[in-house]
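Observations on the three-dimensional arrangement
Residue strings, one per chain:
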Amino acid sequence: MDPVRNPYAPGAGQRPPELAGRDRELQQFEVVLERVARGRPERSMVLTGLRGVGKTVLLNTFKSMAMQRLWGTGKIEARPEQSIRRPVAAALHMAIRELAPRHRAPERIEEFLGVLKAFAMRDPGAAKGTSHWSPAIDVPAGRGRADSGDLEIDLTELFVDAASVATDLGVGVALFIDEMQDVQPADISALCAACHELSQSGGPLIVVGAGLPHLPGVLSASKSYSERLFRYARIDRLDRDAADLALIAPAAREEVEFTPEALDALYEAADGYPYFVQAYGKVAWDLAPRSPITADDIRVAAPEAEEELAVGFFGSRYERATPAERDYMHAMASVGDEPVPTADVAELLGRKPSSLSPARDSLIKKGLIFSAERGLIAFTVPHFGRFLRAQPL
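Here the structure is a predicted model, which is why all the values come from computation and not from measurement. (Residues numbered from 1 in each chain as written. Predicted model: local features only at pLDDT ≥ 70, side-chain atom pairs only at ≥ 80, totals over all residues. Heavy atoms only, no water.)

**Things to note about the packing of aromatic side chains**
Tallying each qualifying case throughout the model produces 15 aromatic pairs. Judged by centre distance (4.7 Å) and plane angle (20°), the rings of Tyr275 and Phe313 are stacked. One end of the pair, Tyr275, is in helix H11 (residues 274-287); the other, Phe313, is in helix H12 (residues 295-318), with 38 residues separating them in the sequence. Judged by relative accessible area, Phe313 falls into the buried class, the value being 6%. Each ring, one from Phe314 and one from Phe387, has its centre 5.2 Å from the other, and the planes form 15°; the classification is stacked. One end of the pair, Phe314, is in helix H12; the other, Phe387, is in helix H16 (residues 384-389), and 73 residues separate them in sequence. Residue classification places Phe314 among the buried positions, given a relative accessible area of 8%. For Arg317, the ring lying beneath its charged end belongs to Phe313, and the centroid distance is 4.8 Å. One Lys or Arg, Arg326, reaches over the ring of Tyr318 and ends 4.7 Å from the middle of that ring. (Phe/Tyr/Trp six-rings, centres within 6.5 Å; stacked < 30°, edge-to-face > 60°. Helix = DSSP H or I, 4+ residues; strand = E, 2+ residues; numbered from the N terminus. Buried < 20%, exposed > 50% of the residue type's maximum accessible area, 1.4 Å probe, protein only. Lys NZ or Arg CZ within 6 Å of the ring centre and 35° of its normal.)

And the structure:
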């Protein structure tokens, strides 16, 4: 069939042609937006799940929903080695720029931008003698507000001031944070404290985060009240009906069909994971000679789809690991696919658990595994254990 008309789109954060199976989360966020717009107290929101389940896609969809309501929006992607001070400043700068043309008091915008510039330039971690980074804000930096150097104090004051600007317009501000589990511990504590202050004051600013399954534990370790501070939504694989819809609806728009047996084979191969659904669907379309796409077409396409996943989705992550880390992951895969006890991994490798801590901690920092709960670890990527078992040792 014509590959130019292929509707399927496997990609990092790339919106699929049919966002199937996420109606509950979309409705939840719609409620959040509506409540904040009406001045009702509402918690910020956190999405969690494995790689490839569509967290970033949902985050971007939420951002679009907020923009349609004329909110100010900004988005960052957290990095383990980077403070959130500068990225948050840039994101809120973008959010206020979206609101500024509609604000009747330009001096209020300039006042906030002065505070924002002071916040961005106040980097206690900068080496002495180096020039301060300055955002492209054409107003003088303010003084005495959000510039103490203590991120918890500064972020709280900055959020309160941004919320105040949004209140003038009867809208809100939404800050979206992808890979939220990578925010540094001190910064995540400051972020929780700022959200806590906003939840008490009712300011129309929300933080929407997305991260790996252990993100709630990261937040809870930072501030005990974080369990009540955020609305948590666990994003998982699609059920059969949603997975079928993700394939059928885009194909129908191109006047192409799947046989029931083909859908059976695709669900068995992709296991309901959205990224895999798109990956198998794309290859099946390209290799199928005509409509309807049959189970035989899926059998022909599956090896090519699996090879592409082995190189791009699994292999790229595997290559980031050191030999010692690969040994650790192979041992995990040998123990099983569910969260596995660290003691079992150590026993299989003939080592003491404490001696394996550096490899385990490094894999966690690289985002390849996570601590499901005390004493248990799991892969962040679905089917990674299966991939590893097929690799030569």
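**Re the sheet that holds strand S2 (residues 72-77)**
The strand order S2-S3-S4-S1-S5 describes an open sheet built from five strands, whose pairing is parallel. Two strands lie at the open edges of the sheet, namely S2 and strand S5 (230-234), each paired on one side alone. Ignoring strand direction, the axes of neighbouring strands in this sheet form an average angle of 15°. Sheet strands touched by helix H1 (residues 23-37): strand S1 (44-48), strand S3 (173-178), strand S4 (205-211) and S5. Its angle to S5, the strand with the most contacts, is close to 165°. Against the sheet, helix H5 (residues 151-169) engages S3 and S4, with an angle of about 120° to S4. (Pairing = 2+ DSSP bridges. Axes fitted to C-alpha atoms, helices over the stretch in contact; angles between N-to-C directions. Contact = heavy atoms within 4.5 Å.)

Coordinates in, geometry out; function isn't part of it.
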